[in-house]
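# Coordinates in review
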Amino acid sequence: MNSTQSPGAAVRIENLDKYYGSFHALRKINLSVERGERIVVCGPSGSGKSTMIRCINRLEQHNGGRITVLGTELNDDVGNIDGIRREVGMVFQHFNLFPHMTVLENCMLAPMIVRKQPRAEAEATARRYLEKVRIPEQAMKFPGQLSGGQQQRVAIARALCMQPQIMLFDEPTSALDPEMIAEVLDVMVTLASEGMTMICVTHEMGFARRVADRVIFMDGGEIVEEAPPEEFFTSSRNERTRQFLSQVLGH
Amino acid sequence: MSSLLRNQKVRNALLQLLYVGSIAALVLAGVAIARQNLAEQGITSGFDFLSKSTGWDVNFSLLPATANDPYWWFFLIGIINTLFLGSVGLMLATIVGTIVGLARTSSNELARLLGRTYVDIFRNIPLILQVFFWYAVITHLPTPRSAYEAWGMLLTSRGLYVPVPNVGGPAMTLAIFALIAAIALPVWLGRTSRLSQPIGERLAIQLAGAAAALAGAAIILAIGRLPDLPLVDFPALQGLNLKGGLRIPPEFSALAIAIAIYGGSYIAEIVRGGFKAVGKGQMEAALSLGLSPWRVFTLVRLPLALRAMLPILANQYVWLIKATTMGIAVGFTDFFMIVALTINHSGQTLEAIGILMAGFLTINLSLAAVFNRINKAIALKGNQLRG
Ligand SMILES: Nc1ncnc2c1ncn2[C@@H]1O[C@H](COP(=O)(O)OP(=O)(O)O)[C@@H](O)[C@H]1O
Ligand SMILES: [Mg+2]
């Protein structure tokens, strides 16, 4: 997969600063994500995880530093923003499906309008990805008629239909009942095994252990620690990390 | 027996029966007393008066009218006047309300301030004062000789004179339907082909639909054209008076403007509420898929906002239709005024009021029924609480 793409990192964040009014939400963040790399971001609530990944597709505008995605710098150039959004898929905590469209329409909308795909092609792609997230039989239903886990899998399929090169996940399982978390994580594990570049904000430490190349720990708007999962879970010397881990791992 | 009375369903049914029965008895007693009183005054009750000629005239009618026409014809004229005023007023109020409502949700602070000021002012002045105000403004416009002129229309203190095509009544009606189709057809075509055609082709289909309907209207007008007259009848000054065209009297304009401005302030709040009800998440998801802000608006934000506002909008429309009865304050012969005149001239109070109530009930229940159908058709399916 990597061979067809232009060289360089998938995402490069340099000295990123973000303010909400006078509140300093991100402080000099530096992060580089290679193509095909799987990053898990964790940290206490309010530490800036969402803000950081939302800056990557410009749902939030950063105030300082540079963000380069697939070789394109994210700045005020609308063409750059559109181009980057086309290549970066995002999955939200609350699914955010379009409730007035069927599952199939949810998946076909952007490919037809943004990628100008003919209907037949868009539908074939949509059905293929619905198959992949294991809900092909729900294609004609509306989001409100599905369980939370099913909705989140549709949301993943919807993002994949744009055939993005990078996927961002913002706590994709946090709004789900426990019995539905596994079905969503399974899909994400499959995606990771196929070489997708992924940045996942999640507290599912089992998932992090299984698929992450690196775990990033954030606190107070900063990246406190960055390590491969084994090292992160077993031999972190950072006090804040250890405290956080003892909370999410429950001991 | 006593066990039957303790049954909840039986109890409810009995109570219901008692309630309906006592109301029916009250109404019947009222009618009987009124009949007796009227008979003593020498007024015969019944609907025979409908076929008698009125002996008075109306100041505005879309149908031909003379004092020799019967009451039923005048009632029809009244209903059409009310519907005409209602539809013009509602249309204008919707346009005003949409603009002001969007201003109120805008990210521009000045626009928000202007929108709020508008709503605060016009929602808090009674409608009848606004009607009088606009009536005073319009009747102080220049006389016909120094009329304001624009696009063949003349604006004077005697009313707004607009050009009309010299076309027979039936053809005119058909042509109006064709024009409505020219607007409705592209919308419908857009919906049915929503995801079956790429955007470019869809636009072509929509344009073709609109063009076909417009061509139909043109053909109908050409066929229904009155012989030996110019196609369009322009109003023009003749001596001291204006001849030709259709005269929209100041009464109508004052009412339409007042309803537009007053109704617009209420509709603005409904529009604002509708847009606020749309979750930010859906719009962010659309943006993250690479849709342009305009597409996010037309494909996600607007459709969801419409669903949130239509039920409330329907109530507002019903309410504004009832507000057309303000016509009597400035002397516009709407349905209510025709009924009032009928009561004065014929003394058939009960019958006339019965017709008035039946008329308004029919109009408003039909409006509500249409909106209910639309609401049902576009209602979001399933449980919306999750996500
Ligand atoms: N739109 C906003 N306006 C003001 N403050 C915000 C906004 N979004 C987030 N914040 C603040 O920024 C900080 C980081 O938020 P967020 O990135 O959502 O944290 P996390 O996702 O790690 O829980 C929090 O203190 C939050 O209150
Ligand atoms: Mg968050």
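Going along each chain's sequence as written, the residues are numbered from 1 onward. Going through the entries in the order they are written, you letter the chains from A and number the ligands from 1. Owing to the predicted nature of the model, reporting of local features is limited to residues with pLDDT of at least 70; listing and counting of side-chain atom pairs is limited to 80 or more, with chain, interface and lining totals taken over all residues. Heavy atoms throughout the structure, all of them, feed into the side-chain values; hydrogens and water do not.

- An unreviewed UniProt entry lists chain B under the name ABC transporter permease subunit, from Mesorhizobium tamadayense.

- Chain A is annotated in an unreviewed UniProt entry as Amino acid ABC transporter ATP-binding protein from Mesorhizobium tamadayense.

## Re the overall build of chain B
- When helices and strands are counted, chain B shows 13 helices and 8 strands.
- Its C-alpha atoms give chain B principal-axis dimensions of roughly 85 × 80 × 45 Å.
- Here's how the labels work: a residue is buried when its accessible area is under 20% of the maximum for its type, exposed when over 50%, partly exposed in between, all with a 1.4 Å probe on protein chains only. For chain B, buried positions account for 37% of its 387 residues.
- Only heavy atoms matter for contacts: two residues are in contact if any of them lie within 4.5 Å across the pair. Put simply, 66% of the contacts in chain B that link residues at least 6 apart link residues at least 24 apart. Numbering goes from the N terminus for both helices and strands, where a helix is a DSSP run of H or I of at least four residues and a strand is a run of E of at least two.

## Quick look at the pairing of strand E4 (residues 64–69) of chain A
Residue and element names in this part refer to chain A.
- What makes two strands pair is DSSP finding at least two bridges between them. Pairing of strand E1 (residues 11–20) with E4, which is carried by 5 bridges, proceeds in the antiparallel orientation. Its bridge partner being in E4, Ile13 is matched across the sheet by Ile67.
- Note that E4 and strand E5 (residues 72–73) share 2 bridges and pair antiparallel. Residue Thr68 lies in a different strand from E5, and its bridge partner there is Glu73.
- In sequence, E4 turns back onto E5 through a hairpin of 2 residues, with Leu70 there showing a positive phi of about 50°.

## Notes on the layout of surface pockets
- Looking at the second largest pocket, its volume works out to about 440 Å³.
- A pocket here means an open set of points on a 1 Å grid, computed over the protein atoms alone, that has protein on both sides within 12 Å along at least five of seven lines. A cavity is instead a set of points where a 1.4 Å probe fits but cannot get out; residues with an atom within 4 Å of a point line either one. If you trace the second largest pocket, you find 17 residues lining it, with Arg58, Leu59 and Arg85 of chain A together with Leu287 and Pro293 of chain B closest to the centre.
- Breaking the lining of the second largest pocket down by element, the ones donating at least two residues are helix H2 (78–87) of chain A together with helix H9 (280–288) and helix H10 (293–323) of chain B.
- Note on residue categories: nonpolar means Ala, Val, Leu, Ile, Met, Phe, Trp, Tyr, Cys or Pro, charged means Asp, Glu, Lys or Arg, and polar means any other residue, Gly included. Broken down by class, the residue content of the lining of the second largest pocket amounts to 8 nonpolar, 1 polar and 8 charged. Grid points are joined across faces, edges and corners, and a volume is the space filled by probe spheres set on the points.

## What about the site of ligand 1?
Residues and elements named next belong to chain A.
- Whether a residue is near a molecule or strand depends on its heavy atoms: if one lies within 4 Å, it is near. Around ligand 1, the neighbouring residues are Tyr20, Phe23, Ala25, Pro44, Ser45, Gly46, Ser47, Gly48, Lys49, Ser50 and Thr51.
- Interatomic distance of 3.4 Å between a side-chain N/O atom of Tyr20 and a nitrogen atom of ligand 1.
- Between N or O atoms, a polar contact is any pair within 3.5 Å; within protein, one atom must be a potential hydrogen donor and the other a potential acceptor, and residues adjacent in sequence are included only when both atoms are from side chains. The backbone of Gly46 places a nitrogen or oxygen atom 2.7 Å from an oxygen atom of ligand 1.
- A total of 560 Å² of accessible area belongs to ligand 1 in isolation, and the protein chains cover 60% of it.
- Taken together, the elements giving at least two residues each to the shell around ligand 1 come down to strand E2 (23–33) and helix H1 (49–56).
- The element best represented in the shell around ligand 1 is H1, accounting for 3 residues.
- Grouping the constituent residues of the shell around ligand 1 by class yields 4 nonpolar, 6 polar and 1 charged. Only the protein chains shown count as cover for residues, and the accessible areas themselves come from Shrake-Rupley with a 1.4 Å probe.

## Description of the interface of chain A and chain B
- On the chain B side, the residues contacting the 33 residues of chain A number 29 residues.
- When two components associate, each loses some accessible surface as probed by a 1.4 Å sphere; the sum of these losses over both components is called the buried area. Buried area between chain A and chain B, both sides added, is near 2800 Å², and the carbon and sulfur share of it is 65%.
- On the chain A side of the interface with chain B, the three residues burying the most area are Pro99, His100 and Ile113 of chain A, jointly 21% of the side's total.
- Whenever Lys or Arg places a side-chain nitrogen within 4 Å of a carboxyl oxygen from Asp or Glu, that contact is recorded as a salt bridge. For the interface between chain A and chain B, the tally reads 1 salt bridge.
- Ionic pairing is found between Glu284 of chain B and Arg54 of chain A, a salt bridge with its closest N-O pair at 2.7 Å.
- On the surface where chain A and chain B come into contact, there are 5 residue pairs in polar contact (both at pLDDT 80 or more).
- Among the secondary structure elements, those contributing two or more residues to the side of chain A that touches chain B are strand E6 (88–91), helix H3 (103–113) and helix H5 (148–160) of chain A.
- The biggest single contributor to the side of chain A that touches chain B is H3 of chain A, with 6 residues.

## Let's talk about helix H9 (residues 239–248) of chain A
Residue and element names in this part refer to chain A.
- For H9, every residue scored as buried is listed here: Thr241, Phe244 and Leu245. Along the long axis of H9, the arc covered by the buried residues comes to 100°, so they all point the same way. Across from the buried face of H9, at angles greater than 90 degrees, the exposed residues are Glu239 and Gln247.
- Where H9 is buried, its residues touch strand E3 (38–42), helix H7 (205–211), strand E9 (214–219), strand E10 (222–227) and helix H8 (229–235).
- Regarding H9, its N-cap is Asn238, as a side-chain oxygen of that residue lies 2.8 Å from the backbone nitrogen of Arg240 further along.
- Residue Gly250 follows H9 closely and has a positive phi angle near 75°. In this context, the arc is that of the directions from the helix axis out to the C-beta atoms.

## Things to note about the pattern of salt bridges
- Counted according to the given criterion, the structure contains 21 salt bridges over all chains.
- A salt bridge links Glu194 of chain A to Lys132 of chain A; the shortest N-O distance between them is 2.4 Å. Placement of Glu194 of chain A in the loop between helix H6 (178–193) and strand E8 (197–201) and of Lys132 of chain A in helix H4 (residues 119–132) is noted, with a sequence separation of 62 residues between them.
- Under the relative-accessibility criterion, Lys132 of chain A is labelled partly exposed at 26%.
- A salt bridge links Glu269 of chain B to Arg104 of chain B, with the nearest nitrogen and oxygen atoms 2.6 Å apart. Of the two residues, Glu269 of chain B is situated in helix H8 (residues 250–276) and Arg104 of chain B in helix H3 (residues 71–105); the sequence distance between them amounts to 165 residues.
- Looking at Arg104 of chain B, the relative accessible area reads 14%, which means it is buried.
- Through salt bridges with shared partners, a single ionic network connects Lys18, Arg54 and Glu60 of chain A together with Lys280 and Glu284 of chain B.

## Describing the packing of aromatic side chains
- Classification of ring pairs rests on two measures: the distance between centres of Phe, Tyr or Trp rings, Trp counted by its six-membered ring, which must be within 6.5 Å, and the angle between planes, read as stacked under 30 degrees, edge-to-face over 60 and tilted in between. Overall, the coordinates contain 22 aromatic pairs over all chains when judged by the stated rule.
- Here the aromatic rings of Tyr266 of chain B and Trp319 of chain B are separated by 6.3 Å at their centres, their planes lie at 35°, and the arrangement is tilted. With Tyr266 of chain B in helix H8 and Trp319 of chain B in helix H10, this pair connects stretches of sequence that are 53 residues apart.
- Since its relative accessible area comes to 26%, Tyr266 of chain B is described here as partly exposed.
- Since its relative accessible area comes to 40%, Trp319 of chain B is described here as partly exposed.
- Within the aromatic cluster, the residues linked to one another by ring pairs are Phe217, Phe232, Phe233 and Phe244 of chain A.
- The rule is short: NZ of Lys or CZ of Arg within 6 Å of the ring centre and within 35 degrees of the ring normal puts a charge over the ring. Taking the ring centre of Tyr266 of chain B as reference, the NZ or CZ of Arg123 of chain B above it sits at 5.7 Å.
- One cation-aromatic arrangement involves Lys381 of chain B over Phe142 of chain A; the distance from NZ or CZ to the ring centre is 4.9 Å.

## Section: the nonpolar core
- Formed by 97 residues in total, the largest nonpolar core has its most connected members in Ile13, Met52 and Ile199 of chain A together with Phe75 of chain B.
- In terms of residues, this core owes the most to one element, H10 of chain B, which gives 13 residues.
- If we ignore the near neighbours within four places in the chain, the residues touching Phe75 of chain B are Phe49, Leu50, Phe335, Ile338, Val339, Thr342 and Ile355 of chain B. The nonpolar core is taken to be a set of buried Ala, Val, Leu, Ile, Met, Phe, Trp, Tyr and Cys residues, with the residues joined through side-chain atoms within 4.5 Å.

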